[in-house]
Amino acid sequence: MIDINELSELCDKLGCRITPECSLREYITFRFGGPCRALISVNSARSAAELIKYMRSKNIRYGILGRGSNVLVSDDGFDGVILLFGSDFSRMEVNGCTIKCDAGVLLASACVRAQQLGLTGMENLFGIPGTVGGALYMNAGAYGSEMKDVVVSAEYINENCEICSIDKDKMELSYRKSIFSGTKNVITSVTLSLTEGNSEQIKAAMSECMAKRSSKQPLDFPSAGSTFKRPEGSYASLLIEQCGLKGFTCGGAMVSEKHSGFIINKGCATCADVLELCDKVRNIVQEKTGYQLELEPVILK
């Protein structure tokens, strides 16, 4: 049982904004999903630790949400509290060639800041939707670059609600995984290490990267980005295309005709539509190719 008044008092004390019975459809890039019991905009690591400690003590379900770019939210919503790591938790500190980012900093914003400072190393990450915290959580990457190439350390809230630090060599970074994946540890900041470069050349490389994305990906439709992880020995998009599934639909969800690795919201998709389509695609791909596709987005339900 959530005592909204008590929770609101704690948020007031911490300076965090709270919205009871908040629809989540505007907080995820797929643009669907039901409400949560309350959404709290976190403003610091200390606030996040206090809120998590409170909810654990009250046995209240909670979830962490950043940009919502790799998330599916159930049509029934989330029966608990969502901690939003967004614009209220998006400070950046620059020290020479390092940038320390709050977990709510948009990855694109960090890339732009690096470019403005003439720091190179993040060009291929430009255009990946999501926050820096979310990008480290799943070791996001594109065009041969990954977060593991630029991260040096991070801070996180552990299972005892303590704020801890961790160096890159202990993060167990691999394809779309980190030591944080599937745990209750919550990333609160990420420190990136870059090298000096030419600001205009970096800007040109970022523009080229974004042009590639625009030409190959269905950026004009809501989606969660790449829907399936890359199976060992092949590519999800290639397998899906080989099975003739481009344009395959369930309700308002469709396998993109532009890039078969994306399932898109044509405008009226529900979470149920997307999950049904994902199941059908996986079943057909396994039956025809023998490969088992694994869903990449996290499901909040």
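The preceding data block contains the structure.
Counting restarts for each chain, with residues numbered from 1 along the sequence as it is written. At least 70 in pLDDT is required for a residue's local features to be given in this predicted model, at least 80 for side-chain atom pairs to be given and counted, and no such filter applies to totals for whole chains, interfaces and linings, which use all residues. Hydrogen atoms and water are omitted, and side-chain values are computed over all heavy atoms in the structure.

### Thoughts on the sheet that holds strand E18 (residues 262-265)
Here comes step 1: Two strands are said to pair when DSSP picks up at least two bridges between them. Here a strand is any run of E in DSSP of at least two residues, a helix any run of H or I of at least four, and the numbering for each starts at the N terminus. The strand order E15-E18-E17-E16 describes an open sheet built from four strands, whose pairing is antiparallel. With partners counted over all chains shown, the strands left at the sheet margins are strand E15 (223-226) and strand E16 (249-250), one partner each.
Here comes step 2: Relative to the sheet, helix H7 (residues 271-289) contacts E16, strand E17 (253-255) and E18, its axis offset from that of E17 by approximately 30°. Two residues qualify as a contact provided that any one of their heavy atoms is within 4.5 Å of a heavy atom in the partner residue. Every axis corresponds to a line fitted to the C-alpha atoms, with the helix fit spanning only the stretch in contact, and the corresponding angles, defined between N-to-C directions, vary from 0 to 180 degrees.

### Concerning the packing of helix H3 (residues 107-116) against helix H5 (residues 199-216)
Here comes step 1: Where H3 meets H5, the axes come as close as 8 Å, and the angle between the chain directions of the two elements is 150°. One finds that H3 runs roughly antiparallel with respect to H5. Between H3 and H5, the residues in contact are Cys-111, Val-112, Gln-115 and Gln-116 and Ser-199, Ile-202, Lys-203 and Met-206, respectively.
Here comes step 2: Residues are grouped as follows: nonpolar covers Ala, Val, Leu, Ile, Met, Phe, Trp, Tyr, Cys and Pro; charged covers Asp, Glu, Lys and Arg; every other residue, Gly included, is treated as polar. Here the residues of the contact of H3 with H5 sort into four nonpolar, three polar and one charged. The cut-offs work like this: below 35 degrees is roughly parallel, past 145 is roughly antiparallel, 65 to 115 is roughly perpendicular, and the gaps in between are oblique.

### Brief notes about the nonpolar core
Here comes step 1: In this text, buried Ala, Val, Leu, Ile, Met, Phe, Trp, Tyr and Cys residues form a nonpolar core when linked through side-chain atoms within 4.5 Å. Each residue is assigned to one of three classes by its accessible area relative to the maximum for its type, calculated with a 1.4 Å probe on protein chains only: buried under 20%, partly exposed between the two thresholds, exposed over 50%. Membership of the largest hydrophobic core comes to 35 residues, with the highest contact counts inside it found for Phe-228, Ile-263 and Val-281.
Here comes step 2: Mapped onto this core, the elements with two or more residues apiece are strand E2 (35-41), strand E4 (71-73), strand E5 (78-84), helix H6 (236-242), E17 and H7.
Here comes step 3: Broken down by element, this core gets its largest block of residues, six residues, from H7.
Here comes step 4: Not counting residues within four places of it along the chain, the set of residues in contact with Phe-228 comprises Ala-236, Ile-240, Gly-261, Ile-263, Cys-278, Val-281, Arg-282, Leu-293, Glu-294, Leu-295 and Glu-296.
Here comes step 5: Membership of the second largest hydrophobic core comes to 33 residues, among which are Cys-101, Val-105, Met-122 and Val-132.

### Here's the deal with the packing of aromatic side chains
Here comes step 1: Only centres within 6.5 Å qualify two rings of Phe, Tyr or Trp (six-membered ring in Trp) as a pair; their planes then separate them into stacked at under 30 degrees, edge-to-face at over 60, and tilted for everything else. Applying the stated criterion to the full structure yields three aromatic pairs.
Here comes step 2: Summarising the aromatic geometry, the rings of Phe-85 and Phe-89 are spaced 5.3 Å apart at their centres and angled 75° between planes, so their arrangement reads as edge-to-face.
Here comes step 3: Look at Phe-89 and you get buried, because its relative accessible area is 1%.
Here comes step 4: One residue, Lys-212, lies across the ring of Tyr-143, its end atom 5.2 Å from the ring centre.
Here comes step 5: Cation over ring: Arg-230 sits above Tyr-175, and NZ or CZ is 4.4 Å from the ring centre. Charge-over-ring contacts are defined here by two conditions on Lys NZ or Arg CZ: a distance within 6 Å of the ring centre and an angle within 35 degrees of the ring normal.

### Here we look at the pairing of strand E11 (residues 151-157)
Here comes step 1: Summarising burial for E11: five of the seven residues are buried, a large majority.
Here comes step 2: As defined by bridge partners, E11 adjoins strand E13 (residues 186-193) across six bridges and the pair is classed as antiparallel. Looking across to E13, one finds that Glu-155 is bridged to Ser-189.
Here comes step 3: Bridging between E11 and strand E12 (residues 163-167) involves five bridges; their strand directions are antiparallel. Bridge pairing in E12 places Ile-157 opposite Ile-163.
Here comes step 4: Two successive antiparallel strands, E11 and E12, enclose a turn made up of five residues, where Cys-161 displays a positive phi of approximately 65°.

### Regarding the environment of Lys-53
Here comes step 1: With respect to the helices and strands, the residue Lys-53 is situated in helix H2 (residues 45-57).
Here comes step 2: A sequence separation of 16 residues divides Lys-53 from Arg-37, and the C-alpha atoms of the two residues are 18 Å apart.

### Section: the sheet that holds strand E7 (residues 98-102)
Here comes step 1: Read from one edge to the other, the open sheet built from five strands follows the order E6-E7-E13-E11-E12, with strand pairing classed as antiparallel. If you trace the sheet from one side to the other, it starts and ends with strand E6 (92-95) and E12, each paired once. On average, each strand axis in the sheet is inclined to that of its neighbour by 15°, with strand direction left out of account.
Here comes step 2: Along the sheet, H2 contacts E11, E12 and E13; its crossing angle with E11, the most-contacted strand, is approximately 40°.

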